[in-house]
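A closer look at the structure
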Amino acid sequence: MTENAGERLAWLADGYLATQLLYVATELGVADALADKPLNTAELAAAVDADAVVLRRILRGLAAERVLEESPDGRFALTPTGELLRADAQGSLRGYVLARGRLYYEALGGLLRSAKTGGVPFEHVHGSAFFDYLAARPEEMASFQGSMSARLSREARAVVAAYDFTRFRSLVDVGGGRGTLLEAILASAPGLEGTLFDQPEVVKDSKLPSHAGDFFVSVPAGADVYLLSRVLHDWDDDRAVAILRTCRAAMPDSGTLLIVESVLPELAAEQPGAIRMDLHMLLLLHGRERTEAEYAELLARAGLRLTATIPADSVTGLHLLEARA
Ligand code: SAM
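Residues numbered from 1 in each chain as written. Predicted model: local features only at pLDDT ≥ 70, side-chain atom pairs only at ≥ 80, totals over all residues. Heavy atoms only, no water.

Per an unreviewed UniProt entry, the protein chain goes by Methyltransferase and derives from Tenggerimyces flavus.

Another aspect to go through is the layout of surface pockets. Size it by volume and the largest pocket reaches roughly 1,700 Å³. Lining the largest pocket are 38 residues, and of these Gly15, Tyr16, Ala18, Thr19 and Arg276 lie nearest its centre. Of the residues that constitute the lining of the largest pocket, the class distribution is 27 nonpolar, 6 polar and 5 charged. The calculated volume of the second largest pocket comes to roughly 770 Å³. Broken down by secondary-structure element, the contributors of at least two residues to the lining of the second largest pocket are α7 (94–108), α10 (130–135), α11 (138–162), α12 (180–188), β5 (193–198) and α15 (272–284). With 8 residues, the single largest contributor to the lining of the second largest pocket is α11. Residue composition of the lining of the second largest pocket, by class: 19 nonpolar, 14 polar and 11 charged. (1 Å grid on protein atoms, 1.4 Å probe; cavity = no way out; pocket = protein on both sides within 12 Å on 5 of 7 lines; lining within 4 Å. Points joined across faces, edges and corners; volume = space filled by probe spheres on them. Nonpolar A, V, L, I, M, F, W, Y, C, P; charged D, E, K, R; others polar. Helix = DSSP H or I, 4+ residues; strand = E, 2+ residues; numbered from the N terminus.)

Moving on to the site of the ligand. Lining the immediate environment of the ligand, one finds 20 residues, of which Met148, Gly175, Asp198, Asp214 and Ser229 sit closest. Note that a nitrogen atom of the ligand is positioned 2.7 Å from one of the backbone N or O atoms of glycine 175. Within the contact set of the ligand, a nitrogen atom lies 2.9 Å away from a backbone nitrogen or oxygen of phenylalanine 215. Here the ligand, which alone exposes 600 Å², has 96% of that area covered by the protein. Put simply, the ligand lies in the second largest pocket. Mapped by element, the contributors of at least two residues to the shell around the ligand are α11 and β5. Sorting elements by how many residues they give to the shell around the ligand places α11 first, with 4 residues. When grouped by side-chain class, the residues that make up the shell around the ligand number 8 nonpolar, 7 polar and 5 charged. (Near = heavy atom within 4 Å. Polar contact = N/O pair within 3.5 Å; in protein donor to acceptor, adjacent residues only side chain to side chain. Areas by Shrake-Rupley, 256 points an atom, 1.4 Å probe, with all protein chains shown as cover. Sits in = over half its atoms within 2 Å of the grid points.)

Once that is clear, we can look at the packing of aromatic side chains. Throughout the structure, instances matching the rule amount to 11 aromatic pairs. Ring geometry for phenylalanine 215 and tryptophan 235: centres 6.1 Å apart, planes at 85 degrees, overall edge-to-face. Of the two residues, phenylalanine 215 sits in the loop between β6 (210–212) and β7 (225–229) while tryptophan 235 sits in the loop between β7 and α14 (237–250), which places them 20 residues apart along the sequence. Residue phenylalanine 215 shares its accessibility class with tryptophan 235, and that shared class is buried. Residue classification places tryptophan 235 among the buried positions, given a relative accessible area of 17%. Members of the aromatic cluster, connected to one another through ring pairs, are Phe122, Phe130, Phe131, Tyr133, Phe144, Phe215, Phe216 and Trp235. Of note, arginine 154 hangs over the ring of tyrosine 96, and the distance from its end group to the ring centre comes to 5.6 Å. (Phe/Tyr/Trp six-rings, centres within 6.5 Å; stacked < 30°, edge-to-face > 60°. Buried < 20%, exposed > 50% of the residue type's maximum accessible area, 1.4 Å probe, protein only. Lys NZ or Arg CZ within 6 Å of the ring centre and 35° of its normal.)

What follows covers unusual backbone geometry. Look at arginine 66: it is not a glycine, yet its phi comes out positive at around 65 degrees. Position of arginine 66 among the secondary structure elements: in the loop between α5 (52–64) and β2 (68–70). Owing to a relative accessible area of 62%, arginine 66 belongs among the exposed residues under this scheme. At arginine 230, a position not held by glycine, the phi torsion is positive, near 55 degrees.

Okay, structure coming up:
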């Protein structure tokens, strides 16, 4: 990063390029085509069915950002950053990139209108709520779920390292998505029985014990612990309290509720990753990230009290907020 103010600002303003270069290369399958060996533009264009002239300029754009390495003989190879675009890479960010290039990028077109008149940018652009839109479009839902899995596989290790799940016998992962976090938790606590709870189209192919439903209506009753990871940040305060109340109604009095979220810092520069998360919420949903005090207030409205706030190791300011009746 340059120290010159003008150059720095210009570089930031060109951020739109990075998102789309990564997206287009990923949609074409460039990284998978380069998995075995470096290729020149003609070979790569044939492998991914692209226009060689345009592709070369895209590849050089990615080489300038050190996602690819360009050799003097005209071949391109994956750098360690580029490796993460491969579908089967350990810690792959393929889904993360696809969701940003398609869903999030389009939604940004509504940000100015939101800034002037309020509302959700995604809804201004698409005319429907984010999850309704996804539910009607399996391909977009797959892209979003892929994005969450990519982030979660990084975060799951941090959550398991920060909290001892072996003390519980049963856990319901409410809004658990594809179960990436639940799998990591179950691996860390062999005696624990876990249930994945999410919308029917999300859990229908799950290999984990799962339950489909609506968390505004009910969740499976009687578990020792209810986990809400990256769920409350999707919703405004009243809807978040409604989800907490559904969980409270299902919990035994001795039960525990665990919230996993980015906790907002006092000053934005202290935790830029949490601030970015908050901007994703602004863009897509009626949700937001919150401070610890704001979570305590939501919990109190649902008849729960915050008993511990435990930081997890992550760039997004991830915390576990533990609550009891
Ligand atoms: N827990 C996962 C994580 O930590 O990444 C997924 C969080 S994702 C941001 C929110 C999840 O809530 C999605 O998997 C979505 O399908 C689910 N969801 C949204 N509305 C729901 C509802 N009414 N009932 C149950 N699940 C819902």
